[in-house]
Amino acid sequence: MVSEFLQYLFSGVTIGAIYALSGLGFSIIYNSSHVINFAQGEFIMIGGMATVSLVGMGVPLALAIPLAVAVTMLVGFALEKLAVEPARGASVTTLIIITIGASIFLRGVAQVIWGKDFHSLPAFSGDAPIGVFGATLMPQSLWVLGVTLAVILVLGWFFNRTLFGKAMLATSVNAMAARLVGINVKRVLLMSFGLSAALGAVGGIVVTPITFTSYEAGIMLGLKGFAAAVLGGLGNGAGAIAGGLIVGIAEAMGAGYLSSAYKDAIAFVIILFVLFFLPSGLFGKRGADRV
Amino acid sequence: MKKLFKRTAAAAFAAAALASGLAQAAEPIKIGAILSVTGGASFLGDPEKKTLEMFVDRINKDGGVLGRKVELIVYDDAGAADKAASFTKRLIDSDNVDLLIGGSTTATTMAAVPLAEKNEIPFISLAGAVTIVEPVKKWVFKTPHTDRMAAQKIFEDMKKRGLTKVALISEDAGFGKSGRDQSVAVAKEMGLEIVADETYSPKDPDVTAQLTKIKNAPGVQAVLNFGFGQGPAIVTKNYKQLGVSAPLYQSHGVASKEFIKLTGEAAEGVRLPAAGLVVADQLPAADPQKPVVTEFRKAFQTAHGMEPSTFAGHAYDGLQIALAAINRAGSTDKAKVRDAIEQTSGYVGTGGIVTMSATDHMGLSPKAFHMVEIRQGDWSLVD
């Protein structure tokens, strides 16, 4: 009984941490530009695929990871420079549509470069399951959780303790005022794409040993990450984590105790229910736009 | 006078016939293909297209069929049924093809079926579902094995091992859904009992919750997973993580080296039905399929630098059956070619030995599958 519950919980936490990592990336770009970047899932995919390629070429994993993150960051910069910045004066909706186009484009390029096969990475610390009261947990799940926690801490430090992080926050609050006090808003936007690309890449790399990766892997991770970010309140890092974990645990408990046929429905009912009472998410700002 | 007229008429007729015969000899045999080369089903359509192009080239270099060149016209439906229908129409109306191959998926095939039937054009499908040839449609044939045959083969093997209480875990989309339904029906016919029936979504990152339920269900003696892509690989890994002791069976949907590569050690001991092409190296020398599949693999590997999937094999079989039938019919007369395809007998292909009849437009039996077990990262024949 206890072991069953624990197993469902472990399953949910593993899935949830994956969603949370994906959701965090949405939050950063939303914070600095109010754009929902639908190419976030593709950053995750590129991170995972680039690592697989590098490892395949004989680069040790410890070196392949930072290289793959750097590659993904470059893609993030390029996306901002080549697609988002030229449309500077456009409305947020137009920018969102641009990111959807970019995601389709990136998926196509990935398909040409890496083909249509699934790829995997070896688990970072082996495949021996850890037993806890009759339930089992893979060491890689702990990696996902640990990296998610580390990312939150680093982001917290970055946004609250560094000048550039504060500049990003200031831009998110009021871009015009930020420009007036001398913040380079263009650079902030560029950095936010780079940062969330790097974040997506890190997420993509740690989850690849569990979920595998392919040119299409970003679709599901992006969508569930978006759901997690909305549930937690867009633009709120801790909210994205909470949202991811809630969706993941709801799916696992739903599959375990109710029916696996309805597990996705259960998660979405929870999301709808929360948004019905708290339209800006669990941790979103309660403010309303005043005209 | 009258007699003379008759003779001239006969001579003129003969000359005309000869002339038209010559003209026909110069005209190529046109084969139209509707394949899902891009989109979600591209893992089917892409190797199919490569295979068709490669072998049509070869045949033309060797002088073609009936002394005529073969012309291949391929349209990409990107996996969409409506596009498949309009491309089929185009192949029939403006390209005037003699024969249709394709429909990489069951949906695209079924969209093309009414057009082939109405215009009376022989059509060889490359898709899996049993509904394509059951009930029998006059002009429609297919080369791949069905999920029903796979379920029969798997349950036969379970029975041999004395396992009669089965748990199902299936993907809740397309292939997995149809496989699950066929499994439930076949299990009933063969006297096996389904004691648990769980599903997962194709992109789920973890299925330990469903497998825990199966593990705790009373009396489970074997588990069968119907699905393809990453799902079965995740099921296999989670299965190992939970340490479930009942043997795990997979469907023919994962019969590729990619599956072994993805799952690594977790795949040890997993059993699945596979076509001869997949286990070419393991087939005994006496097996009639051995030379065919070895030759095909070598040709595909040299041309494309990768192992052919079973889907590439389906396209090869379709093309060979079609061209052999045209050869036997001695012309591209559609009714004659159709009859010749239906009379295909003892054709040794990559999928098995094909013998069609008026009531069987696929011509394969569950014997076309080999039961394999994964041992030390490679296939090992069980029977």
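What counts and how
Residues numbered from 1 in each chain as written. Chains lettered and ligands numbered in written order. Predicted model: local features only at pLDDT ≥ 70, side-chain atom pairs only at ≥ 80, totals over all residues. Helix = DSSP H or I, 4+ residues; strand = E, 2+ residues; numbered from the N terminus. Rg over C-alpha atoms; globule rule 2.2 N^0.38 Å. Buried ≥ 20, exposed ≤ 12 C-beta atoms within 10 Å, placed from the backbone. Contact = placed C-beta atoms within 7 Å. Core = buried A, V, L, I, M, F, W, Y, C linked by C-beta atoms within 7 Å. Domains from an automatic or database assignment. Nonpolar A, V, L, I, M, F, W, Y, C, P; charged D, E, K, R; others polar. Pairing = 2+ DSSP bridges. Axes fitted to C-alpha atoms, helices over the stretch in contact; angles between N-to-C directions.

## Overview of the overall build of chain A
Piece 1. Of the regular secondary structure elements, chain A holds 11 helices and two strands.
Piece 2. Along chain A, helices and strands appear, N-terminal first, in the series α-α-α-α-β-β-α-α-α-α-α-α-α.
Piece 3. For 291 residues, the compact-globule formula gives about 19 Å, and the C-alpha radius of gyration of chain A, at 19 Å, lands near that figure.
Piece 4. Its C-alpha atoms give chain A principal-axis dimensions of about 60 × 50 × 35 Å.
Piece 5. Of all 291 residues assigned to chain A, the portion counted as buried reaches 51%.
Piece 6. In chain A, of all internal contacts separated by at least 6 residues, the share reaching a separation of at least 24 is 74%.

## A word on the nonpolar core
Piece 1. Judged by nonpolar contacts, the single largest core of 195 residues is most densely connected at Ile101(B) and Ala322(B).
Piece 2. With 15 residues, helix H1 (residues 2-33) of chain A is the largest single contributor of residues to this core.
Piece 3. Once residues within four sequence positions are removed from consideration, Ala322(B) is found in contact with Ile31(B), Leu99(B), Ile101(B), Ile124(B) and Ile341(B).

## Some details on the domain arrangement of chain B
Residue and element names in this part refer to chain B.
Piece 1. Taken as a whole, chain B is organised into domain 1 (26-144 + 291-324) and domain 2 (148-282 + 369-381).
Piece 2. At the junction of the two partners, domain 1 supplies 11 residues and domain 2 supplies 10 residues.
Piece 3. Counting residues per element, the ones that place at least two in the side of domain 1 that touches domain 2 are helix H10 (289-304) and helix H11 (310-329).
Piece 4. Looking at which element gives the most residues to the side of domain 1 that touches domain 2, the answer is H10, with four residues.
Piece 5. Its residues placed into classes, the side of domain 1 that touches domain 2 shows five nonpolar, four polar and two charged.

## Focus: the interface of chain B and chain A
Piece 1. Contacts between chain B and chain A engage 24 residues on the former and 25 residues on the latter.
Piece 2. Counting only elements with at least two residues in the side of chain B that touches chain A, the list comes to helix H2 (42-61), strand S7 (193-200), helix H7 (208-216), helix H8 (230-242) and helix H9 (257-263) of chain B.
Piece 3. Per-element accounting of the side of chain B that touches chain A gives the leading share, six residues, to H7(B).
Piece 4. Its residues placed into classes, the side of chain B that touches chain A shows seven nonpolar, 10 polar and seven charged.

## Structural notes on the sheet that holds strand S5 (residues 140-142) of chain B
Residue and element names in this part refer to chain B.
Piece 1. With parallel pairing, five strands are arranged side by side in an open sheet as S2-S1-S3-S4-S5. The two strands at the open ends of the sheet, each matched to only one other strand, are strand S2 (70-76) and S5. If you compare each strand with its neighbour and ignore which way they point, the axes differ by 20° on average.
Piece 2. Bridging between strand S1 (residues 29-35) and S2 involves seven bridges; their strand directions are parallel.

## As for unusual backbone geometry
All names here are of chain B.
Piece 1. A cis amide bond, omega 5°, links glutamate 134 with the succeeding residue proline 135.
Piece 2. Looking at where proline 135 falls in the secondary structure, it is placed in the loop between strand S4 (123-125) and S5.
Piece 3. Positive phi is not limited to glycine here, since glutamate 120 has a value of about 55°.
Piece 4. Note on placement: glutamate 120 falls in the loop between helix H4 (106-119) and S4.

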